Amino acid sequence: MTAKRYTAADVRAALLNRHRAPEWACFFEVADGTGARATRSADAIAMSLYPSRGLRLHGFEIKVSRSDWLHELKQPDKSVAIQRYCDHWWVVTPADIIKDGELPPTWGHLILKGNGLHCATKAPALDRAAWEPEFLAALLRRAHDAREKAIRDGVDAAMASERAAIEAEVAKRVSRELSMRSSRHDEAVKQLAAIREAAGIEPDRYFDGEGFGRAIGLVHRAGVTATYGSLDTLAHQARRLVEAVEAVRPESGAATRHG
């Protein structure tokens, strides 16, 4: 089974989990100053906030490959710019990055295993220097950035949730409208089939729907289909009409009788 390849993001997540509020304040990429005064930075800084456990500042370097660590060892003064302000200094790595005898005596070592951090070597207490205004400004800037990011993330999450709710409602309405239109279409098809059957028109035969509709409308408006009485009345009126025609055309009627 291939071992998991950890990234710097994995290490940062583990550091945040280990140094959670309200006991800790944890920030990343903290420089030794702001603006042009910044020369070096620590990958992470965590401040203990409980007086009962000591108000101490911990600095961290994150190394996720052997080459990163060897490069760090070639620059022993690189970490001093931030380390001098810290009460403890750590390197955080996956397993098998640091070999025996390579860890500087003023450093501690945390190893990432799974989602947690295992203390391989405890960081000794350092005789830190007094915090300079430049360093405090850089630390406060990261605190401000973290607060702003939390606000932005909250707003983005709320907007995404609202968009999802709107999209779900729109999808529901569209589905309902399509269902209604499909139902109306099916009903219209059934009614057309019933009309064809009642009129004796074969299903595959073309007919003038508009003209047929006008004819149906005419009969319907005449009330012929309303009651049986209406049919009797229509038959009676038809007979009277025939009789009236015959009365005014006697020769035609006589020819018909003798022919």
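As shown above, the structure is provided for reference.
In this text, all values refer to a predicted model and were calculated from it rather than measured experimentally. (Residues numbered from 1 in each chain as written. Predicted model: local features only at pLDDT ≥ 70, side-chain atom pairs only at ≥ 80, totals over all residues. Heavy atoms only, no water.)

Asks: Quick question: what am I supposed to make of the environment of Ala13 here?
Replies: Mapping Ala13 onto the fold places it in helix α1 (residues 8-18). Judged by relative accessible area, which is 46%, Ala13 ranks as partly exposed. (Helix = DSSP H or I, 4+ residues; strand = E, 2+ residues; numbered from the N terminus. Buried < 20%, exposed > 50% of the residue type's maximum accessible area, 1.4 Å probe, protein only.)

Asks: Any chance you could explain the sheet that holds strand β6 (residues 116-121) here in plain terms?
Replies: Spatial strand order, β1-β2-β3-β4-β5-β6: six strands in an open sheet with mixed pairing. Among the strands making up the open sheet, the edge pair consists of β1 (24-31) and β6. The mean inter-strand angle of the sheet, taken between neighbouring strand axes irrespective of direction, is 30°. The pairing of strand β2 (residues 41-48) with strand β3 (residues 57-62) spans four bridges and is classified as antiparallel. (Pairing = 2+ DSSP bridges. Axes fitted to C-alpha atoms, helices over the stretch in contact; angles between N-to-C directions.)

Asks: What's the story with α1 in this structure? I'm lost.
Replies: Structurally, the α-helix is built with 3.6 residues per turn, so residues lying three or four positions apart point the same way. All of the buried residues in α1 are Val11, Ala14 and Leu15. For α1, the buried positions fall inside an angular range of 100° around the axis, keeping them on one side. (Arc of directions from axis to C-beta.)

Asks: Would you take a moment to explain the pattern of salt bridges for this structure?
Replies: Note that side chains of opposite charge can pair when their charged atoms are close. Throughout the structure, instances matching the rule amount to 10 salt bridges. The partner of Glu23 in a salt bridge is Arg53, with the nearest N and O atoms 2.5 Å apart. Residue Glu23 is found in the loop between α1 and β1, and its partner Arg53 is found in the loop between β2 and β3; the two are separated by 30 residues along the sequence. In this structure, the salt-bridge partner of Glu177 is Arg181, at a minimum N-O distance of 2.9 Å. (Salt bridge = Lys/Arg side-chain N within 4 Å of Asp/Glu carboxyl O.)

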